[in-house]
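# Structural description and commentary
Listed here are the chains, written in short residue letters.
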Amino acid sequence: MRANKENNLCESPFAFWWSLHKMGGSTPQALLDRLHKWTEWEFNMLEFRDMATSDILVEFGKELFAHYGLIEHFNICEERLSNFLRLLSSQYNDENPYHTGLHAVDAAINVHYLLQSGFVRFFTKLDLLVLFVSALGHDTGHFALNNAFLLNSNHEVVQKHGSTSALEHFHLSKLMEVITDDKCRFVDALSPSDHAEFDILVGEMVLATDMSRHKEYMSKFEEWCTSAKSEFGGTDQVAATSSDGYFSWVEAKRSSLSYEERKLFMTVVVKFADLANVVKPVAQSEAWAELIMVEFSAQREREIALALPLTQPANIPNREWKVAKHQNGFLKFVVEPTMVLIMDLASKEKRDTVLSHAKNNGEIWSQRVIDLDPENASNVCRARFGC
Ligand SMILES: [Zn+2]
């Protein structure tokens, strides 16, 4: 996993941005002032909505690359890295309610959180590079419509990329256009074998964000965990031999992880990052939920206008109840089981933090589903007579 120094075309590698970074020269002070909290689960990306996406994606991207020593390790040209991050941010549409550059940066910050919870020990430097590029680029060029709409409308993206994971193939092709842009080719610093592996892995990570394949990946990961635990002697022995009750079986397997296993772990990290806002502190989670529901509603309007099958809930009536129902179902049946499985490999402190928010949010959404149910007699009374 060494950098290929002969291939580094940058005149003054590492020096340009790093010197500015150290002095705080090019970094917006407002951003830096808030960065110190980014390792906390409570860190709220939505607080940065008042800033230009370009500033946010570029600054966070550089911080992450520097934090994990990727610039130094691969001898990456900072100017090209900056160009890459800037061009990538321009591919995200700030007019989208949910799928903006802010969501992409949020995903990268969530990758960082999971790495800090203990996952970093599973990965090579190349894996880390793949993880951050994939998180930042997994929704490149998103235009606020989902695969169901693309299929039902026989959209040009389906015609070009086929009917399987059409949107994700589109994101990947857009991301690769940015990566291979002449001014952005920071990956030229990688050795040919690392470069080839990088391309393959980024492709796999982005395509794995298709939610229709979520179960397939998580089942594989669950199988791996079950078998790793049983090889170690089963969960009873794990509990008896480890003070944390978890780490012994993980550590026993870590040194023997194959390429395929590492790839599976990386996929799981990207999935965690993409879904994590559902289990953030409830006010933050509600804000993200509101944004995705606005995006869904706008899609429904377009479905109506084009006489397509309706795939999204109506905006009104009973909007709040529908939002609560959607979030509750998504949390209970998709996100929480995913988080339970993944956080099994995390440190106790981080595991407790994430799972307690998942539990708390579940209770709040479930209660709202009951309280706002239009079939509930007292709600009917309130709606009709204001009582
Ligand atoms: Zn996403």
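Looking now at the overall build of the protein. Secondary structure assignment for the protein yields 19 helices and zero strands. Of all 387 residues assigned to the protein, the portion counted as buried reaches 37%. Sequence-distant contacts in the protein: of pairs separated by 6 or more residues, those separated by 24 or more amount to 79%.

Take the nonpolar core next. Core analysis: the largest hydrophobic core is formed by 81 residues, its most contacted members being Ala108, Val111, Phe132, Ala135 and Val269. Leu150, Val158, Ala166 and Phe170 belong to the second-largest nonpolar core, a separate cluster that totals seven residues.

The residue Ala144 is not glycine, and still its phi comes out positive at about 65 degrees. Relative to the helices and strands, Ala144 resides in the loop between α7 (125–137) and α8 (147–152). Positive phi, close to 55 degrees, is recorded for Ala307, a residue that is not glycine. Looking at the element boundaries, Ala307 is found in the loop between α16 (282–305) and α17 (319–343).

Our focus in this paragraph is the confidence of the model for the protein. Confidence along the protein averages 85 in pLDDT terms, with 83% of residues attaining 70 or more. Here residues 1–26 scores under 50 on pLDDT; set against residues more than four positions off or in separate chains, the count is 42 contacts. Between residues 383–387, whose pLDDT stays under 50, and residues either more than four places distant or in other chains, the model counts two contacts.

At their nearest, the axes of helix α10 (residues 166–179) and helix α11 (residues 192–207) sit 9 Å apart, and the two run at 145 degrees to each other. In this structure, α10 meets α11 at a crossing whose hand is right-handed. On α11, the residues touching Glu168, His169, His171, Leu172 and Leu175 of α10 are Gly203, Val206 and Leu207.

Relative to each other, helix α15 (residues 259–275) and α17 sit at 135 degrees, their axes nearing to 11 Å. Considered as vectors, α15 and α17 are oriented oblique to each other. Every pair of crossing elements has a handedness; the one defined by α15 and α17 is left-handed. Contact residues: α15 offers Val268, Lys271, Phe272 and Leu275, while α17 offers Val335, Thr338 and Ile342. Looking at the contact of α15 with α17 residue by residue, the class counts come to five nonpolar, one polar and one charged.

Positionally, His142 belongs in the loop between α7 and α8. Taking C-alpha positions, His142 is 8.0 Å from Gln91, a pair spaced 51 residues apart along the chain. Residue contacts for His142: discarding those within four places in its chain leaves Tyr92, Asn93, Asn96, His99 and His171.

Moving on: α17. If you look at α17, its biggest bend is around 45 degrees, right at Leu331. Packed against the buried residues of α17 are α12 (214–232), α15, α16 and α18 (348–372).

This paragraph deals with the environment of His138. Here His138 is to be found in the loop between α7 and α8. Residue classification places His138 among the buried residues on the basis of 25 C-beta atoms within 10 Å. For His138 and Lys174, which are 36 residues apart along the polypeptide, the C-alpha to C-alpha distance reads 9.7 Å.

As a further point, take the environment of Arg302. By secondary structure assignment, the location of Arg302 is in helix α16. C-alpha separation for the pair Arg302 and Phe149, spaced 153 residues apart in sequence, amounts to 9.1 Å.

Cut-offs applied
- Residues numbered from 1 in each chain as written.
- Predicted model: local features only at pLDDT ≥ 70, side-chain atom pairs only at ≥ 80, totals over all residues.
- Helix = DSSP H or I, 4+ residues; strand = E, 2+ residues; numbered from the N terminus.
- Buried ≥ 20, exposed ≤ 12 C-beta atoms within 10 Å, placed from the backbone.
- Contact = placed C-beta atoms within 7 Å.
- Core = buried A, V, L, I, M, F, W, Y, C linked by C-beta atoms within 7 Å.
- pLDDT = per-residue confidence, 0-100.
- Axes fitted to C-alpha atoms, helices over the stretch in contact; angles between N-to-C directions.
- Left-handed = near helix turned anticlockwise from the far one by under 90°.
- Parallel < 35°, antiparallel > 145°, perpendicular 65-115°, else oblique.
- Nonpolar A, V, L, I, M, F, W, Y, C, P; charged D, E, K, R; others polar.
- Bend = angle between axes of the 7 residues up to and from the residue.

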